[in-house]
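Architecture at a glance
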Amino acid sequence: FATVAVPFEWMTLEGHDAAELIDIFLASNVVSCFLFTDIAARLGLKKVVTGAATMMAGGCLLRSGIPFVEPAIEVMPGYGWEVAGTILVGMAQPFFQCTPPLLSATWFGSSERALATATAINFNQVGIATAFIVGGLMANSPEGMHAYFDVLACVSIAAAAATALLFRDRPETPPSASAAAAAAELA
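Being a predicted model, the structure only gives us computed values, none of them experimental.

1. Side note on the side chain of Asn 124
With respect to the helices and strands, the residue Asn 124 is situated in helix H9 (residues 113-138). Of note is the side chain of Asn 124, whose polar atom sits 2.7 Å from the side chain of Gln 93. Excluding its chain neighbours within four sequence positions, the residues that come into contact with Asn 124 are Gln 93 and Gln 97.

Have a look at this one:
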């Protein structure tokens, strides 16, 4: 979405309308939304979130190229890599957008679920706003665009690593009596 904040710079850098990339992102996002429930039911919360974080990092890396290599403009990946990275990012995002109800039901008691779900869902909007603001501030030149993608790649790689190391499928102690009963049935 940051490319929309600076369409002239994107056109100068890549020779394509920024709206094309948004269309590609949204199309892959919609496809992934339809697949989310089946994949989440089959793989479980940890694998889904960790897999999506890894896909997001991979997509950001494809869009960035090798982060913070100089001169930036000469190592910016071609448009095909931008498209491939955008598809991965678009496919990964629903696994963060659609996961909050499952996450809340697994990790929180019934009196806490609405707030936990609302908080998690609304942080998607915070991410979009951040992309517009930071992207608009950083990506005002080809070098700035590449630096912005470098920052995204590094942050997403760090987030994927933290998710793989720290995220658990469920809490050690069930958050409610019904969760405890459900866990006992599975054991």
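2. Here's the deal with helix H3 (residues 18-43)
In this model H3 runs 35 Å from its N-terminal to its C-terminal C-alpha over 26 residues, within 8% of the 38 Å that 1.5 Å per residue would give. In H3, a bend of some 45 degrees at Leu 35 exceeds every other bend along the element. For H3, the full list of buried residues reads Ala 18, Leu 21, Ile 22, Phe 25, Ser 28, Asn 29, Ser 32, Phe 36 and Ala 40. The backbone nitrogen of Ala 19 has a side-chain oxygen 3.1 Å away, supplied by the residue at the start of H3, namely Asp 17.

3. Description of the nonpolar core
One finds Val 6, Trp 10, Leu 13, Ala 18, Leu 21, Tyr 79, Val 83, Ala 131, Ala 139, Met 145, Tyr 148 and Phe 149 forming the largest nonpolar core, which totals twelve residues. Going through the elements one at a time, helix H2 (7-14), H3, helix H6 (79-92) and helix H10 (142-166) are the ones with two or more residues in this core. For this core, the leading source of residues is H10, giving three residues. The next biggest cluster of nonpolar side chains, apart from the first, holds eleven residues, and it includes Ala 40, Ala 52, Cys 60 and Ala 92.

4. Considerations on the pattern of salt bridges
For the coordinates displayed, the defined rule picks out two salt bridges. A salt bridge links Arg 63 to Glu 82; the nearest nitrogen and oxygen atoms lie 3.6 Å apart. Within this pair, whereas Arg 63 is found in helix H4 (residues 45-64), its partner Glu 82 is found in helix H6, the two being separated by 19 residues in sequence. Taken as a pair, Arg 63 and Glu 82 share a single burial class, namely buried. Ionic pairing is found between Glu 172 and Arg 168, a salt bridge with its closest N-O pair at 3.3 Å. Residue classification places Glu 172 among the exposed positions, given a relative accessible area of 71%.

5. Some details on the packing of H2 against H10
Axis angle and axis distance: for two packed helices, these are the angle between their axes and the distance between the axes, and together they describe the pair. For the pair H2 and H10, the least separation of the axes is 9 Å and the interaxial angle reads 95 degrees. Judged by the angle between their axes, H2 and H10 are roughly perpendicular. The residues of H10 that touch H2, namely those facing Glu 9, Trp 10 and Leu 13, are Pro 142, Met 145 and Phe 149. Here the contact of H2 with H10 is composed, by residue class, of five nonpolar, no polar and one charged.

6. A closer look at the side chain of Thr 86
Its place among the elements puts Thr 86 in helix H6. Once residues lying within four places of it in the same chain are set aside, the contact partners of Thr 86 are Leu 21, Ile 24, Phe 25, Ser 28 and Arg 63.

What counts as what
Residues numbered from 1 in each chain as written. Predicted model: local features only at pLDDT ≥ 70, side-chain atom pairs only at ≥ 80, totals over all residues. Heavy atoms only, no water. Helix = DSSP H or I, 4+ residues; strand = E, 2+ residues; numbered from the N terminus. Polar contact = N/O pair within 3.5 Å; in protein donor to acceptor, adjacent residues only side chain to side chain. Contact = heavy atoms within 4.5 Å. Expected span 1.5 Å × (residues − 1). Bend = angle between axes of the 7 residues up to and from the residue. Buried < 20%, exposed > 50% of the residue type's maximum accessible area, 1.4 Å probe, protein only. Core = buried A, V, L, I, M, F, W, Y, C linked by side-chain atoms within 4.5 Å. Salt bridge = Lys/Arg side-chain N within 4 Å of Asp/Glu carboxyl O. Axes fitted to C-alpha atoms, helices over the stretch in contact; angles between N-to-C directions. Parallel < 35°, antiparallel > 145°, perpendicular 65-115°, else oblique. Nonpolar A, V, L, I, M, F, W, Y, C, P; charged D, E, K, R; others polar.

Shape is all these values report; function is a separate question.
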